Amino acid sequence: GEKKGLAVHLVRRPSDIVVSGYAYHLRTPEAWENDRDPPNCLNSDYAAWLQIFGRCRFACSYLEMLRNVSVSDGLGVEVLRSRWQILSMLDSMRRWQDHPRVLQV
């Protein structure tokens, strides 16, 4: 039969995702942030990966990239890294906006 579950979809302001992600990755590096062969930016789309690591000719880690650019450029890099996540969140928000069993917060 029909499933009767409820869902809560947390929606964050995209700029908050970018700013908090940038600060978090500088302050609390995760293992993937040190990958260099190949460099890794965790769940980014391929075009973003090319743009991010093309800056260092694919010879740096994500953490090295963030630590060696200005804050403005670092935020731009984080925009690229997180855009798939943000677009996915916004798409889900749109699809579920009128769903009676989904609460969006």
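For the structure itself, look to the data block above.
Residues numbered from 1 in each chain as written. Predicted model: local features only at pLDDT ≥ 70, side-chain atom pairs only at ≥ 80, totals over all residues. Heavy atoms only, no water.

Colleague: Could you give me a rundown of the packing of aromatic side chains, with the residues and numbers involved?
Modeller: For the structure on display, the rule yields four aromatic pairs. Ring plane angle 20° and centroid distance 5.8 Å describe the contact between Tyr46 and Trp49, whose orientation is recorded as stacked. Of this pair, Tyr46 and Trp49 both sit in helix H2 (residues 46-54), separated by three residues, roughly a single helical turn. On the accessibility criterion, Tyr46 (58% relative accessible area) is exposed. Ring pairs connect the aromatic residues Tyr46, Trp49, Phe53 and Phe58, which therefore count as one cluster. (Phe/Tyr/Trp six-rings, centres within 6.5 Å; stacked < 30°, edge-to-face > 60°. Helix = DSSP H or I, 4+ residues; strand = E, 2+ residues; numbered from the N terminus. Buried < 20%, exposed > 50% of the residue type's maximum accessible area, 1.4 Å probe, protein only.)

Colleague: Could you give me a rundown of H2, with the residues and numbers involved?
Modeller: The set of residues buried in H2 consists of Ala48, Ile52 and Phe53. Viewed end-on, H2 has its buried residues packed into an arc of 110°, placing them on one side of the element. In this fold, the buried residues of H2 make contact with helix H3 (62-67) and helix H4 (71-96). The opening residue of H2 is Asp45, an N-cap whose side-chain oxygen sits 3.2 Å from the backbone nitrogen of Ala47. (Arc of directions from axis to C-beta. Contact = heavy atoms within 4.5 Å. Polar contact = N/O pair within 3.5 Å; in protein donor to acceptor, adjacent residues only side chain to side chain.)

Colleague: So what's going on with the state of the cysteines? Which residues, and what values?
Modeller: In the structure shown here, the tally under the stated rule is one disulfide. Unpaired in terms of disulfides, Cys41 finds its nearest cysteine sulfur in Cys60, a separation of 10 Å. What makes Cys41 buried here is its relative accessible area of 1%. (Disulfide = S-S within 2.5 Å.)

Colleague: Can you explain the nonpolar core? Please cite residues and give values.
Modeller: If you look at the biggest cluster of nonpolar residues, it comprises 13 residues, and the most contacted ones within it are Cys41, Ile52, Phe53, Tyr62 and Val77. Among the secondary structure elements, those contributing two or more residues to this core are H2, H3 and H4. Each residue touching Cys41, except ones within four places of it in the same chain, is listed here: Trp32, Trp49, Ile52, Phe53, Tyr62 and Arg81. (Core = buried A, V, L, I, M, F, W, Y, C linked by side-chain atoms within 4.5 Å.)

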